[in-house]
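For reference, the chains in residue letters:
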Amino acid sequence: MIKILGIQVRLHPLFVFVMGASLLTGYFIELFTLFCIVFVHELGHVYAAKSFGWRIKEIKMLPFGGVASMDEQASIPLWQEIVVALAGPLQNVLMIVFTWCMMTLGIWESAWSQYFIYVNAMIAIFNLIPILPLDGGKIGQALLSYYLPYFRAVYWSHWFSMILSAASLCLLFFPHPFLQWNFNIFIVSLFLIYSNWHDYKNIQYTFFRFLVHRELRKYDAETNSKDSHGKMHPLYVKRAASIQHIARCFRRDKEHCIFVVNESGKVEQFVTEKQIIQCFFSKTKRKCAVSDLFM
């Protein structure tokens, strides 16, 4: 663990090995340049997140990229999440523009500048692919959760990411004029499949954290107005609906009032979001029908 510009940076052991091996193979300059580009990309995420008051854990440098770890779990406004996700690729665009200016003015060497521009472009494009945990995947999940309940948005975004990752892996084994075998793509595809499968298996834990943050985080009237939190969104559920089913209908950036209706559609009972969350965290009540608890 080291500290750079006030940010905790964790170097993966394999990353350290690769950097060390590059000294023997003569590719240290290229790999060090790649490290700097990836680090600046992650700094874009970090400082954008800090400007919104997010809690930053660390930056993890992996053999094939970097990850900015943040202690937020769907408890922040959607628009902030999208801005933070875009802040990384934006740094690559800014570095490309700056390098092009330096090359045009003759200040920087043309060959190295072209390599620097190429690497930045590849990193920006790769990170905008709509696969979790890439920036494009995070943006896609945020947009999906605007239209769908949070649980369903997380569920489908992980499945979609696994399908795309598996598709890219399968394409490597079929001859194609535009896609040749590439060991880096092979390794990254495997990592993306594993990462999404791991997160998919822990989707219940992710959802628990979503509800905990939802219960604990309080917004005053000014914040609600600015960040769209507190917008009332009614939920109409049948008497037989389980507490778990109702909780899985909760959406981000919305506060819910739950109306229990009978078979004819007439409202019989009003239930608060807080009551549903409290019952959800009780194992004996989670799968009970809402009518059994409040009718």
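Within any chain, residue numbers begin from 1 and follow the written order of that chain's sequence. Reporting of local features is limited, given that this is a predicted model, to residues whose pLDDT is at least 70; pairs of side-chain atoms are given and counted only at 80 or more, and all residues count toward the totals for whole chains, interfaces and linings. Computation of side-chain values: all heavy atoms of the structure, hydrogens and water removed.

**Quick notes on the overall build of the chain**
The helix and strand labels rest on DSSP assignments: H or I over at least four residues marks a helix, E over at least two residues marks a strand, and numbering proceeds from the N terminus. Regarding its fold elements, the chain presents twelve helices and seven strands. Categorising residues by exposure relies on relative accessible area from a 1.4 Å probe, with only protein chains included: less than 20% of the type maximum marks a residue as buried, more than 50% marks it as exposed, and the intermediate range marks it as partly exposed. The buried share of the chain, taken over its 295 residues, is 41%. Contacts: residue pairs with any heavy atoms within 4.5 Å of one another. Long-range pairs, those at least 24 residues apart, make up 62% of the contacts in the chain with a sequence separation of at least 6.

**Some thoughts on the pattern of salt bridges**
Here a salt bridge means any side-chain nitrogen of Lys or Arg lying within 4 Å of a carboxyl oxygen belonging to Asp or Glu. Inspection of the entire model under this criterion finds two salt bridges. Glutamate 81 is paired through a salt bridge with arginine 252; the nearest N and O atoms lie 2.7 Å apart. With glutamate 81 in helix α3 (residues 78-104) and arginine 252 in the loop between α10 (243-247) and β6 (255-261), the pair connects residues that are 171 residues apart, well separated along the chain. With respect to class, glutamate 81 is no different from arginine 252; both count as buried. The partner of arginine 239 in a salt bridge is glutamate 268, with the nearest N and O atoms 3.0 Å apart.

**Let's talk about the packing of aromatic side chains**
Between rings of Phe, Tyr and Trp, where Trp is taken as its six-membered ring, a pair exists when centres lie within 6.5 Å; planes separated by under 30 degrees are stacked, by over 60 edge-to-face, and by other angles tilted. Under the criterion given, the structure shown has 20 aromatic pairs. A ring pair is formed by tyrosine 155 and tryptophan 156, whose centres lie 5.1 Å apart and whose planes are at 90°; its orientation type is edge-to-face. Put simply, the rings of Tyr150, Phe151, Phe207, Phe208, Phe210, Phe280 and Phe281 pair up and form one aromatic cluster. The rule is short: NZ of Lys or CZ of Arg within 6 Å of the ring centre and within 35 degrees of the ring normal puts a charge over the ring. Between the NZ or CZ atom of arginine 248 and the centre of the ring of phenylalanine 151, over which it lies, the distance is 4.0 Å. Sitting over the ring of phenylalanine 280, arginine 286 keeps its end group 4.9 Å from the ring centre.

**Structural notes on the sheet that holds strand β7 (residues 267-272)**
Strands qualify as paired when DSSP identifies two bridges or more between them. Taken in spatial order, the three strands line up as β5-β6-β7 in an open sheet, and their pairing is mixed. Two strands bound the open sheet, and with one partner strand each, they are β5 (232-238) and β7. Between one strand axis and the next, the sheet turns through 30° on average, direction left out of account. Relative to β6, β5 is paired through seven bridges, and the arrangement is parallel. Among the inter-strand pairings, histidine 233 is bridged to a residue of β6, identified as histidine 256. Each axis is a line fitted through C-alpha atoms, taken for helices only over the stretch in contact, and angles between the N-to-C directions span 0 to 180 degrees.

**Some thoughts on the packing of helix α2 (residues 28-51) against α3**
Two numbers describe how α2 lies on α3: the axes approach to 7 Å, and their chain directions differ by 135°. Overall, the two elements α2 and α3 adopt an arrangement that is oblique. α3 is crossed by α2, and the crossing has right-handed handedness. Of the residues in α3, those in contact with Ile37, Val40, His41, Gly44, His45, Ala48 and Ala49 of α2 are Val84, Ala85, Ala87, Gly88, Pro89, Gln91, Asn92 and Met95. Per-class residue counts for the contact of α2 with α3 are nine nonpolar, six polar and no charged. Angular relationships are summarised with four words: roughly parallel below 35 degrees, roughly antiparallel beyond 145, roughly perpendicular across 65 to 115, and oblique for the angles in between. A crossing counts as left-handed when the near helix is turned anticlockwise from the far one by less than a right angle, and as right-handed when that turn is clockwise. Side-chain classes are defined by residue name, with Ala, Val, Leu, Ile, Met, Phe, Trp, Tyr, Cys and Pro counting as nonpolar, Asp, Glu, Lys and Arg as charged, and the others, Gly among them, as polar.

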